[in-house]
Amino acid sequence: EPNNTPGYANLLAQGAPMRGTIGKLVQAGIAGQAGQGDVDLFRVPAGKGTRVVSARLEGIPNVDLVLELYDAQGQRITKSDAAGRGWGEWLQPTSVGPAEVYLAVRELWIAGQKPTEDAPDPYTLTARWGPAQPGWEVEPNDSPAAATPIGAPGRIRGYLASADDRDWFSIGVTGPAMLALTVTAPAGVDVILLREVAGKEIIINKRGAGESEELSIEASPGKPIRIGVARKVASKVDAKAEGLQGLDDPYELAIATSPEPLRK
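Residues numbered from 1 in each chain as written. Predicted model: local features only at pLDDT ≥ 70, side-chain atom pairs only at ≥ 80, totals over all residues. Heavy atoms only, no water.

Looking at the overall build of the protein chain
Broken down by element type, the protein chain carries one helix and 18 strands. Overall size of the protein chain, expressed as C-alpha extent along the three principal axes, is 75 × 45 × 30 Å. Among the 264 residues that make up the protein chain, the fraction classed as buried is 43%. Looking at the protein chain alone, contacts between residues at least 24 apart form 72% of all its contacts between residues at least 6 apart. Of the roughly 13,600 Å² of accessible surface on the protein chain, 51% is carried by carbon and sulfur atoms. Distance from the positive charge centre (27 side chains) to the negative charge centre (33 side chains) of the protein chain: 6 Å. (Helix = DSSP H or I, 4+ residues; strand = E, 2+ residues; numbered from the N terminus. Buried < 20%, exposed > 50% of the residue type's maximum accessible area, 1.4 Å probe, protein only. Contact = heavy atoms within 4.5 Å. Areas by Shrake-Rupley, 256 points an atom, 1.4 Å probe, with all protein chains shown as cover. Lys, Arg positive; Asp, Glu negative; His and termini not counted. Charge placed at Lys NZ, Arg CZ, Asp CG, Glu CD.)

See the structure below:
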């Protein structure tokens, strides 16, 4: 401390655990708010070309932590806020450019509640960065417009690291073909497939928790098929309070192809 602003951010080392504490209230947080809880900023050094950044945050008792990723201009790229009090957070591999970026650790701020001050237990933050790992999805890909390209046939794995996480993929083919898509669910997770048709989402959810979902689609060259993978969560369930299964277990999307039959 003080490490509440980018200029005072602590430099991270690749894969090295960094311990910190939720300390005194601050008068100016990352967005200039007065009287906010402590924000700890950590700097990921600049590199070369497109990279991915991921991070693990070990939680502390009685505090609901949030883990955020910001670019050098102070714009938030993404955040992880899937777990509740006492639990950690995981920032999935997220695409960034060569410039330095910042990880922010703070308590979840709730209007009308005084933020925690001088928490007695330390959290631990471990970050990694470098080239994307082949065969794995990279955030942000939460909309069809930001879909991760994938060829067919092929397969890709990813994580549904929050209740509302949606992973979109754009599937291309070199010739007319029938695509057979299968998404294998993590244990206890009710996965759904999403298909974009004329700007609308079609939901495929024929099976229950832990079971795979399947879909067959005709595909043509130059017309990518956009498919999403998400989890089904009951609308009245507080996902953070109840706890989500499968946060650390990957799904796998497999795409098989066969020649498209001739139409009569």
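That covers the picture; the talk isn't over yet.
What about unusual backbone geometry?
Here the amide bond leading from E1 into P2 is cis, since omega sits at -5°, within 30 degrees of zero. Of note, P2 is situated in the segment before β1 (10–11). Of note, the phi angle at D118 is positive, near 55°, even though the residue is not glycine. Its place among the elements puts D118 in the loop between β8 (101–107) and β9 (123–130). Non-glycine residue A198 carries a positive phi angle of around 55°. By the secondary structure assignment, A198 is in the loop between β14 (191–197) and β15 (200–204). What makes A198 exposed here is its relative accessible area of 80%.

Points about the sheet that holds strand β4 (residues 51–58)
Spatially, β2-β9-β4-β7 is the arrangement adopted by the four strands of the open sheet, whose pairing is antiparallel. Each edge of the sheet is formed by a strand with only one pairing partner; in this case those strands are β2 (18–20) and β7 (89–96). With strand direction ignored, the average angle separating the axes of adjacent strands in the sheet is 20°. In this sheet, β7 lies alongside β4 in antiparallel orientation, the contact comprising six bridges. Within β7, the residue paired with R56 across the bridge is W90. (Pairing = 2+ DSSP bridges. Axes fitted to C-alpha atoms, helices over the stretch in contact; angles between N-to-C directions.)

Considerations on the pattern of salt bridges
Tallied over the full model, the rule gives nine salt bridges. Its salt-bridge partner being R226, residue E196 comes within 4.0 Å of it at the nearest N-O pair. Taken together, the residues span a long stretch of sequence, with E196 in strand β14 and R226 in strand β17 (residues 225–231) at a distance of 30 residues. Classification of E196 as partly exposed rests on a relative accessible area of 27%. A single salt-bridge network, built from bridges that share partners, covers E68, R76 and R106. (Salt bridge = Lys/Arg side-chain N within 4 Å of Asp/Glu carboxyl O.)

Side note on the nonpolar core
Within the largest apolar cluster, 23 residues are counted, with the highest numbers of intra-cluster contacts made by I171, L179, L193 and I227. Of all the secondary structure elements, the ones that give two or more residues to this core are β12 (167–172), β13 (177–184), β14, β16 (213–219), β17 and β18 (251–259). Those residues within four positions of L179 in sequence are excluded, and the remaining contacts are A152, I171, V173, L215, S216, I217, A219, I225, I255, A256 and T257. (Core = buried A, V, L, I, M, F, W, Y, C linked by side-chain atoms within 4.5 Å.)

A word on the sheet that holds strand β11 (residues 154–158)
Hydrogen bonds between backbone groups are what pair the strands of a sheet, and the pairing can be parallel or antiparallel. Overall, antiparallel pairing links the four strands, which are arranged β11-β18-β13-β16 in an open sheet. The sheet terminates laterally at β11 and β16, the two strands that pair on one side only. Across the sheet, the mean angle separating the axes of adjacent strands is 15° when strand polarity is ignored. Two strands pair when backbone bridges link them, and β13 and β18 are joined in this way by eight bridges, in the antiparallel orientation. Note that in β18 the partner of A177 across the bridge is P259.

Topic: the side chain of S54
Structurally, the position occupied by S54 is in strand β4. Residues contacting S54, with those up to four places away along its chain left out, are L91, Q92, P93, T126, A127 and R128.

Considerations on the packing of aromatic side chains
In total, this model carries two aromatic pairs according to the counting rule given. Seen from their ring centres, W90 and Y159 are 4.5 Å apart, and the 85° between their planes marks the pair as edge-to-face. Of the two residues, W90 is situated in strand β7 and Y159 in the loop between β11 and β12; the sequence distance between them amounts to 69 residues. In this structure, W90 and Y159 share a single accessibility class: buried. (Phe/Tyr/Trp six-rings, centres within 6.5 Å; stacked < 30°, edge-to-face > 60°.)

Quick word on the environment of R43
Within the secondary structure, R43 is located in strand β3 (residues 39–44). Overall, R43 belongs to the partly exposed group, its relative accessible area being 24%. Leave out the neighbours within four places in its chain, and R43 touches A9, N10, L11, L12, E100, V101 and Y102. A polar atom in the side chain of R43 sits 3.3 Å from the side chain of E100. (Polar contact = N/O pair within 3.5 Å; in protein donor to acceptor, adjacent residues only side chain to side chain.)

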